[in-house]
Amino acid sequence: MPCKHRVVGSIPIRSTKTFNMTFGILTINHRRPQVLNLFLASMKRLRQDIGINFPVVCVSGVEDRKMCAQYGVHHIVQANRPASMKWDTGMSFLQKLNLDYVLVLGSDDIMSTDLLRAYMTEMEKDVDLIGLNEIYVYDGDGNTKGALRRYTSSRVLGVGKMLNKRILDKVEWRGWVSSHPRSWGMDGLLARNTDKHIRTKS
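Please read these numbers as outputs of a predicted model, since none were measured by experiment.

1. With respect to the overall build of the chain
Within the chain, the secondary structure is distributed over six helices and ten strands. Looking at the chain residue by residue over its 202 residues, the buried ones come to 45%. Taking contacts inside the chain between residues at least 6 apart in sequence as the whole, the part at least 24 apart equals 72%. Just so you have it, the chain exposes about 10800 Å², and 50% of that area is on carbon and sulfur atoms.

2. Describing the pairing of strand 5 (residues 101–104)
A two-sided burial pattern is seen for strand 5, the buried positions comprising Tyr101 and Leu103 on one face and Val102 and Val104 on the other. Across four bridges, strand 2 (residues 23–28) lies against strand 5 in parallel orientation. Bridge pairing links Phe23 to Tyr101 in strand 5.

3. A short note on the pattern of salt bridges
Inspection of the entire model under this criterion finds eight salt bridges. Ionic pairing is found between Asp108 and Arg32, a salt bridge with its closest N-O pair at 3.9 Å. Here Asp108 is found in the loop between strand 5 and strand 6 (109–111), whereas its partner Arg32 is found in the loop between strand 2 and helix 1 (33–50), with 76 residues between them in sequence. A relative accessible area of 14% places Asp108 in the buried class. Arg32 sits in the partly exposed class, given a relative accessible area of 29%. Ionic pairing is found between Asp139 and Arg149, a salt bridge with its closest N-O pair at 3.0 Å. With a gap of ten residues between them, Asp139 in strand 8 (residues 134–139) and Arg149 in strand 9 (residues 148–152) connect regions that are remote in the sequence.

4. Side note on the sheet that holds strand 10 (residues 161–164)
The strand order 4-3-2-5-10-7 describes an open sheet built from six strands, whose pairing is mixed. A strand with exactly one partner marks an edge of an open sheet, and here the two such strands are strand 4 (74–77) and strand 7 (129–130). Sheet strands in contact with helix 3 (residues 83–95) are strand 2, strand 3 (56–60), strand 4 and strand 5, and its direction is about 155° off that of strand 2.

5. Brief notes about the packing of helix 1 against helix 4 (residues 113–123)
One can describe the packing of helix 1 onto helix 4 by two numbers: an axis separation of 10 Å at closest approach and a directional angle of 60°. Taken as axis vectors, helix 1 and helix 4 run oblique relative to one another. Once helix 1 is placed against helix 4, the crossing between them reads as right-handed. Counting all contacts with helix 1, which are made through Arg45, Leu46, Asp49 and Ile50, the residues of helix 4 involved are Thr113, Leu116, Arg117 and Met120. Here the contact of helix 1 with helix 4 is built from residues that sort into four nonpolar, one polar and three charged.

6. Remarks on the packing of aromatic side chains
Applying the stated criterion across every chain yields a total of three aromatic pairs. Residues Phe19 and Phe23 carry aromatic rings whose centres are separated by 6.2 Å and whose planes lie at 75° to one another, so their mutual orientation is edge-to-face. One exposure class covers both Phe19 and Phe23, and it is buried. The residue whose ring lies beneath Arg47 is Phe54, and the NZ or CZ to ring-centre distance is 5.5 Å.

About the criteria used
Residues numbered from 1 in each chain as written. Predicted model: local features only at pLDDT ≥ 70, side-chain atom pairs only at ≥ 80, totals over all residues. Heavy atoms only, no water. Helix = DSSP H or I, 4+ residues; strand = E, 2+ residues; numbered from the N terminus. Buried < 20%, exposed > 50% of the residue type's maximum accessible area, 1.4 Å probe, protein only. Contact = heavy atoms within 4.5 Å. Areas by Shrake-Rupley, 256 points an atom, 1.4 Å probe, with all protein chains shown as cover. Pairing = 2+ DSSP bridges. Salt bridge = Lys/Arg side-chain N within 4 Å of Asp/Glu carboxyl O. Axes fitted to C-alpha atoms, helices over the stretch in contact; angles between N-to-C directions. Parallel < 35°, antiparallel > 145°, perpendicular 65-115°, else oblique. Left-handed = near helix turned anticlockwise from the far one by under 90°. Nonpolar A, V, L, I, M, F, W, Y, C, P; charged D, E, K, R; others polar. Phe/Tyr/Trp six-rings, centres within 6.5 Å; stacked < 30°, edge-to-face > 60°. Lys NZ or Arg CZ within 6 Å of the ring centre and 35° of its normal.

The structure is reproduced here in structure tokens:
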């Protein structure tokens, strides 16, 4: 299976002197130890670079528990079917931490330090949603191995969404719950459940 990593953002901004918001990061994984190891290493880098030991939770199989522990990432064991329940399980854990924001990343999403600092600046504006309309995808395997491709959109992409607590409260911190027969995909489910509550975004 091709291994693709999404390099999320590279926006240079000035250093943040004071930061009074709280946030956590949520991801899920399924039988991709090398991908998860890169993600966890990026979490360690982000924590070190910004000087905040923000909580990170990963919901996946029991085989990932040891690796997550090595990086100080909270791990929850849950089956992969349906995958949507893994996201909601992770959100339920983060809800108990009384955070201002939660950032949703796939385990193949690598965020730059500059982008996280940009998100921190936007958090202090108390907007409902912080997101991206441009990402880079690096192909680590397959016929296009080594290729770096740029994707842009006129709308907020599914990757890298950061939601304000008040929006999560509106959906009872269950952004992926669905009673519809159609398969919306993980990004589609989250958008379907939260978009109607969002008034401000950046």
